[in-house]
Amino acid sequence: MKFSEKALRFFLRMGARVFYGDGSQVDWIFEKIRRPRTAWLAARNMLNFKLRVPRLAGLITVGIEPVFGCNLRCAYCWGRFEPTLSGKREKLMSWELFTSVIDQLPASVETVTFGSVGEPLLHPRLIDMIEYAASKGRRVAMYTNGTLLHGEKAEQLARSPLSVLNVSMEPTEETARDFRGIDYGQVRKNIQAFSGMRHPGMDLQLSVVIHPGNQTLVERVHEEWRGIVDRVKVAPMIELNVQSCGVRESCSEIWRGNMNIQTNGVVSPCCLDVEGELAIGNLNKQPLREILDGGVFQDMMRGFCRGKVPPRCMRCTEYGGKGVPLKIPKLGKRTDRKPL
């Protein structure tokens, strides 16, 4: 790591301690922020959140959903959503929509992340997408479940200009089988092989979701994957309750400087909005700049500033407990972080 990157990471860790109360969250930030200007915009965005200013200092990241659907049925991801989401939008993002999204991004956007409700490796033009985004000066990060990370796909991905690859994983063979339905040993072999073939500039990370079934097992992950991946990131499971979580006045997610684009062109400021309930526009119907400056998004931000939180957000709860980091800071009389 360059000295400039080490210095930036140090300051980002300090910022994470202030904002999240946990410096370990720097891994999530550093994945997307490697430029001082981006860090400055992110800090201004978070200050606006704290001061309840209904304005983004700048858009800094964009999440893109290349594929809607997955080859797995994980208990806390696609498997949970499939009954209500199947058939709701296109399985694959079209090349025309994708290139239109990339071409419209403001200069402030540093990183594009492939993921959301789907396995990106299922898209036949994934490598083309990575190369196109990189050719426009964007860093590209991606999430995968690791089951398809082998053979020609892995070789092509290893040679691509991808900046960060996150592999979602469980801490043990038992939890991998019970919650993700995968062969832990085989996916580990896939990751080990990929680690050796990736280009030198690509970060390889393990992403672990903490939930009631694995909380006591997460500590062992760091040691067991040392030397294979660059770092291990952990985050709490997010659940949508049937009833309201209680008192909540605002949420930092829409101030993060990130927009999420679904396969059908729907734009949402929340990365957890899998059903598009917080949609602020559609790129098949209007340009991104118009969506960002439009009344729907501006009214949403003003509503959050006044404590008028959408019903969907009032049902959003993070799993909490000893050693479980905070993922999305919120304003209110309590944090609503509790065992689910």
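Since the structure is predicted, the reported quantities are computational estimates derived from the model, not experimental observations.

**Overview of the pattern of salt bridges**
- Following the criterion strictly, the structure yields 19 salt bridges and no others.
- The closest approach of N and O atoms between Asp 203 and Arg 34, which form a salt bridge, is 2.6 Å. On the criterion of sequence distance, the pair formed by Asp 203 in strand S5 (residues 203-210) and Arg 34 in the loop between helix H2 (26-30) and helix H3 (36-51) is long-range, its members being 169 residues apart.
- Under the relative-accessibility criterion, Asp 203 is labelled buried at 15%.
- Glu 318 is the partner of Lys 330 in a salt bridge, and the nearest nitrogen-oxygen pair spans 3.8 Å. Of the two residues, Lys 330 is situated in strand S13 (residues 330-331) and Glu 318 in strand S12 (residues 316-318); the sequence distance between them amounts to twelve residues. Each member of the pair, Lys 330 as well as Glu 318, carries the same accessibility label: buried.
- Overlapping salt bridges bring together Glu 5, Arg 9, Asp 27, Arg 34, Asp 203 and Arg 231 as one network.

**Describing the packing of aromatic side chains**
- This structure, assessed with the given rule, holds ten aromatic pairs.
- Relative to Phe 49, the ring of Phe 19 has its centre 6.1 Å away and its plane inclined at 75°; by these criteria the two rings are edge-to-face. Linking Phe 19 in helix H1 (residues 3-19) with Phe 49 in helix H3, this pair joins segments that are 30 residues apart in sequence. The pair Phe 19 / Phe 49 is uniform in exposure class, with both members buried.
- The interplanar angle of 35° and the centroid separation of 5.8 Å between the aromatic rings of Trp 95 and Phe 98 together place this pair among those described as tilted. With Trp 95 and Phe 98 both in helix H5 (residues 95-104) and three residues apart, this pair spans about one turn of that helix.
- Ring pairing ties together the aromatic residues Phe 19, Tyr 20, Phe 49, Trp 255 and Phe 304, which thus form one cluster.
- Lying over the aromatic face of Trp 225, Arg 188 brings its terminal NZ or CZ to 4.6 Å of the ring centre.
- The residue whose ring lies beneath Lys 233 is Trp 28, and the NZ or CZ to ring-centre distance is 3.7 Å.

Conventions and cut-offs
Residues numbered from 1 in each chain as written. Predicted model: local features only at pLDDT ≥ 70, side-chain atom pairs only at ≥ 80, totals over all residues. Heavy atoms only, no water. Salt bridge = Lys/Arg side-chain N within 4 Å of Asp/Glu carboxyl O. Helix = DSSP H or I, 4+ residues; strand = E, 2+ residues; numbered from the N terminus. Buried < 20%, exposed > 50% of the residue type's maximum accessible area, 1.4 Å probe, protein only. Phe/Tyr/Trp six-rings, centres within 6.5 Å; stacked < 30°, edge-to-face > 60°. Lys NZ or Arg CZ within 6 Å of the ring centre and 35° of its normal.

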